[in-house]
Amino acid sequence: MTLGQKQRLFTRLTGLLIEFAYENGYELTYGDAYRDPRAFGQVGEKRLYSSSNSVHKSRLAVDFNLFKDGKFLTSSEDHRTLGEFWKTLHPDCCWGGDFSRPDGNHYSMEWRGRK
Ligand SMILES: [Zn+2]
């Protein structure tokens, strides 16, 4: 799969994640999706708050802000229902709640070892 094919698949799958969230009583707003390398640095380069190898720089990650009953849910554990669903959509789907430093609002697809 090329990077472009994976980016388009990622975008489609995020649509399914959004639908799943709303069907389960959650609401979402977008946090970071694409992080433009002109601002955040090329892959491997650390600039601003982005990690140097972030897949946000490759259009393969989105951070969602999660709400239920109007309340902003901020913990990684709050995202678990969505994270577990996300991982069922494709073998390359990764959820930030599984990272060694949990990042529960981060939904991504693996690309060349980067998540
Ligand atoms: Zn992220």
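Scroll up to find the structure.
To start, this report covers the structure provided alongside it. (Residues numbered from 1 in each chain as written. Predicted model: local features only at pLDDT ≥ 70, side-chain atom pairs only at ≥ 80, totals over all residues. Heavy atoms only, no water.)

**Some remarks on the pairing of strand 2 (residues 61-68)**
Bridge count between strand 1 (residues 26-30) and strand 2: 5 bridges; the pairing is antiparallel. Its bridge partner lying in strand 2, L28 is registered against L66. Bridge analysis of strand 2 against strand 5 (residues 106-109) gives 3 bridges, and the strand direction is antiparallel. Within strand 5, the residue paired with V62 across the bridge is Y107. Of the pairings in the sheet, the one linking strand 2 to strand 3 (residues 71-73) comprises 3 bridges and is antiparallel in character. Bridge pairing links F67 to F72 in strand 3. Counting the residues in the hairpin turn of strand 2 and strand 3 gives 2 residues, including D69, whose phi is positive at 55°. (Pairing = 2+ DSSP bridges. Helix = DSSP H or I, 4+ residues; strand = E, 2+ residues; numbered from the N terminus.)

**A few points about the nonpolar core**
Counting residues in each nonpolar core, the largest one holds 22 residues, and the members touching the most others are L17, L82, W86, Y107 and M109. Per-element accounting of this core gives the leading share, 5 residues, to helix 1 (residues 3-23). Discounting residues that sit within four places of it in the chain, Y107 has contacts with F10, L17, L60, A61, V62, F64, H79, L82, G83, W86, C94 and W95. (Core = buried A, V, L, I, M, F, W, Y, C linked by side-chain atoms within 4.5 Å. Buried < 20%, exposed > 50% of the residue type's maximum accessible area, 1.4 Å probe, protein only. Contact = heavy atoms within 4.5 Å.)

Keep in mind these values describe shape, not function.
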